[in-house]
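Breakdown of the fold
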Amino acid sequence: MTLINQPARRRRPDQPPGEELIRCQTSSTAPLRHLVHPDDYRRFARAGVVASMQLQWAMPSAFTNDALRPYIGPERYARVYPAHSLAKAGARLAGGSDWPVDPLLPFTQIATAIDRSNPEENHPPLNPREALTRHQSLVMHTAGAAHQLDGGGSGTVRPGQRADRIVLDRDFTRVPVQDIRATKVRYTLVSGRVVHDAGSETGRARAEAAQRMGALGAGRTRGGSCCQRH
């Protein structure tokens, strides 16, 4: 459920007084996230609802500055994409791609969750107090997403978990945040078996195809609206 209209999230028109909307979701992984009233942050943790967020949107852009801010007003705009507040309140975060509405760029999502910045525009970060640490962003996009997809059978390195792994071309716990966006996957393992080798001929072809598919998305230009084709 993607809602930027805060009153619609807090109570449906047919919702009985006092009934919590979060508790009415079909499962504990129903994604609710991008604009949440501060009184509701702790409800996510209490109800066990995952906050699935596409934080590549959490940056200054034509969409956030020119379309979103006038629509929701300055008070709510000041707390849009409240990743830090939800995490602090104990909510489980999961990173989603928003593909095919948006380009498939997971490392851009991870970096933007940390710096809330648009590298292509010279604007201050969007609500930087809602930024996540590198560790929080990594957990959100690995263990958090895995929990939402399959209840947590993967996403962490520990006995009993499936050995689904990727090997990257850099240590993004150490490189400048800006450099995280250019991270490439060298190897992909599923249940311990190598299914992608970026150095192989097949791997290069797959990487190029994935890049074309991801970059196309729904045809949105950077900073444009996700709703242009809806």
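Predicted model only: the values in this text are computed from it and were never measured. (Residues numbered from 1 in each chain as written. Predicted model: local features only at pLDDT ≥ 70, side-chain atom pairs only at ≥ 80, totals over all residues. Heavy atoms only, no water.)

Remarks on the pattern of salt bridges
Overall, the coordinates contain 7 salt bridges when judged by the stated rule. Members of the salt-bridge network, linked through shared partners, are Asp 150, Arg 162 and Asp 164. (Salt bridge = Lys/Arg side-chain N within 4 Å of Asp/Glu carboxyl O.)

Remarks on the nonpolar core
Residues Phe 44, Met 53, Leu 55, Tyr 81, Leu 86, Leu 93 and Leu 132 are the most contacted members of the largest nonpolar core, which totals 25 residues. Broken down by secondary-structure element, the contributors of at least two residues to this core are helix 2 (41–47), strand 1 (51–53), helix 3 (62–72) and helix 5 (83–88). Leave out the neighbours within four places in its chain, and Leu 55 touches Tyr 81, Ala 83, Gln 109, Thr 112, Ala 113, Arg 116, Leu 132 and Met 140. If you look at the next biggest cluster of nonpolar residues, it comprises 8 residues, including Phe 107, Ile 110, Ala 111 and Ile 180. (Core = buried A, V, L, I, M, F, W, Y, C linked by side-chain atoms within 4.5 Å. Buried < 20%, exposed > 50% of the residue type's maximum accessible area, 1.4 Å probe, protein only. Helix = DSSP H or I, 4+ residues; strand = E, 2+ residues; numbered from the N terminus. Contact = heavy atoms within 4.5 Å.)

Comments concerning the pairing of strand 4 (residues 185–190)
Looking at chain direction, strand 3 (residues 165–168) and strand 4 are connected through 4 bridges and run antiparallel. Of the residues in strand 4, the one forming a bridge with Leu 168 is Val 185. In this sheet, strand 5 (residues 193–197) lies alongside strand 4 in antiparallel orientation, the contact comprising 4 bridges. Residue pairing in the sheet places Val 190 in a bridge with Arg 193 of strand 5. The hairpin turn running from strand 4 into strand 5, its antiparallel successor, is 2 residues long, and Ser 191 in that turn takes a positive phi close to 55°. (Pairing = 2+ DSSP bridges.)

As for helix 3
Listing the buried residues of helix 3 in full gives Phe 63, Thr 64, Leu 68 and Ile 72. Projected down its long axis, helix 3 carries its buried residues within an arc of 75°, all on one side. Those residues of helix 3 that are exposed and angled more than 90 degrees off the buried face are Asp 66 and Pro 70. Residues of helix 3 that are buried make contact with helix 4 (74–77). Where helix 3 ends, the next residue or the one after it, Gly 73, has phi of about 90°, a positive value. (Arc of directions from axis to C-beta.)

Comments concerning the side chain of Ser 137
Within the fold, Ser 137 resides in helix 7 (residues 134–150). Apart from the residues lying within four places of it in its own chain, the contact partners of Ser 137 are Ile 110, Ala 113, Ile 114 and Leu 132.

Points about the side chain of Gln 161
In this fold, Gln 161 is placed in the loop between helix 7 and strand 3. A polar contact of 3.4 Å, which involves the side chain of Gln 161, links it to the backbone nitrogen of Ser 154. Within the structure, the side chain of Gln 161 is placed 3.0 Å from the side chain of Thr 156, a separation counted as a polar contact. Residues in contact with Gln 161, not counting those within four places in the same chain, are Gly 152, Gly 153, Ser 154, Gly 155 and Thr 156. (Polar contact = N/O pair within 3.5 Å; in protein donor to acceptor, adjacent residues only side chain to side chain.)

Focus: unusual backbone geometry
Note the cis peptide between Trp 99 and Pro 100, where omega equals 10°. Residues other than glycine seldom take positive phi values, yet Arg 116 does so here, at roughly 50°. The residue Arg 116 is located in the loop between helix 6 (106–115) and helix 7 in this model. With a relative accessible area of 0%, Arg 116 lands in the buried category. Within the chain, Ser 191 stands out as a residue other than glycine whose phi angle is a positive 55°. Summarising the element assignment, Ser 191 is placed in the loop between strand 4 and strand 5.

A few points about the packing of aromatic side chains
Going through the model one piece at a time under the given rule, you end up with 2 aromatic pairs. Their ring planes at 70° and their centres at 5.1 Å tell us that Trp 57 and Phe 63 sit as a pair that is edge-to-face. Residue Trp 57 shares its accessibility class with Phe 63, and that shared class is buried. With a centroid separation of 6.3 Å and 65° between ring planes, the pair formed by Phe 107 and Phe 172 is classed as edge-to-face. With Phe 107 in helix 6 and Phe 172 in the loop between strand 3 and helix 8 (177–180), this pair connects stretches of sequence that are 65 residues apart. This pair shows no difference in class: Phe 107 is buried, exactly as Phe 172 is. (Phe/Tyr/Trp six-rings, centres within 6.5 Å; stacked < 30°, edge-to-face > 60°.)

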